[in-house]
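Coordinates in review
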Amino acid sequence: MIQLDIFSDPICPWCYIGKANLDRALEAHADHPFAIRWLPFMLNPDMPAEGIDRRTYLETKFGGKEGAVQAYLPVEQHAEKAGLKLNLDRIARTPNTVDAHRLIHWAGIEGRQTPVVAGLFKAYFVEGRDIGNAEVLADVADSHGMDASVVLRLLASDEDRREIVERDAAARGMGISAVPTFIVAGKHAVPGAQPPELWSKVIEELRAGADPAA
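Residues numbered from 1 in each chain as written. Predicted model: local features only at pLDDT ≥ 70, side-chain atom pairs only at ≥ 80, totals over all residues. Heavy atoms only, no water.

- The protein carries the name DSBA-like thioredoxin domain protein in an unreviewed UniProt entry, which gives Maliponia aquimaris as its organism.

What follows is the structure in structure tokens.
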């Protein structure tokens, strides 16, 4: 198997789109060579623990309401092309995602990482839930075969918080500045929400014996 590391944040719409595009390629190539691992990158590492009002966040980030609208037009267009429906109007708060990344880390230990990542994207972008909330995170975990009571207990502690922060810093030290970023075989970076056709080409070349770094 070939390691495919995916740096992402569960509140990043391009990460959701990038996952959907990759999923389409993987479904078309059931014998794909990838072993997938999700790694943390926080879009807002300095976000208050309680998050902030979504409208305030967007208008501050994009210089007002019109800037926010213009920034999200291509997001919605690409999401539709990827077969996703984003219910952005349901999102009331932009959360701090360190706890969501802790959950993704624990899901990886249990072999449930990709389903939990999918559950977080759905909870945030489709259902408009606050994935900075421990009860919401425990519910997502429970929906994908994890023990909600254990997750709540871990979230109430500082378990693996420092590791997530250090991994985020390490990603930035590697030169990653935006997500999603895909790293093939620890060598070759594929940035952005690439179309399924690109991933199909990569898979076919790898099956033909091409060097993953080529």
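Examining unusual backbone geometry
- Going from V179 to P180, the amide bond is cis rather than trans, its omega being 5°.
- Tracing the sequence through the fold places P180 in the loop between helix 8 (161-173) and strand 5 (181-184).
- Look at D160: it is not a glycine, yet its phi comes out positive at around 65°.
- Counting through the fold element by element, D160 comes out in the loop between helix 7 (148-155) and helix 8.
- Even without glycine at this site, A185 takes up a positive phi of about 60°. (Helix = DSSP H or I, 4+ residues; strand = E, 2+ residues; numbered from the N terminus.)

What about the packing of aromatic side chains?
- One pass over the full model with this rule turns up seven aromatic pairs.
- When the ring of Y16 is compared with that of F125, the centres are 5.5 Å apart and the planes differ by 15°; the resulting orientation is stacked. A residue pair is termed long-range when its members are at least 10 positions apart, and Y16 in helix 1 (residues 13-28) and F125 in helix 5 (residues 113-126) qualify at 109 residues.
- Looking at Y16, the relative accessible area reads 12%, which means it is buried.
- Of the aromatic side chains, those joined through ring pairs into one cluster are Y16, F121, Y124 and F125.
- Between the NZ or CZ atom of R172 and the centre of the ring of F41, over which it lies, the distance is 4.1 Å. (Phe/Tyr/Trp six-rings, centres within 6.5 Å; stacked < 30°, edge-to-face > 60°. Buried < 20%, exposed > 50% of the residue type's maximum accessible area, 1.4 Å probe, protein only. Lys NZ or Arg CZ within 6 Å of the ring centre and 35° of its normal.)

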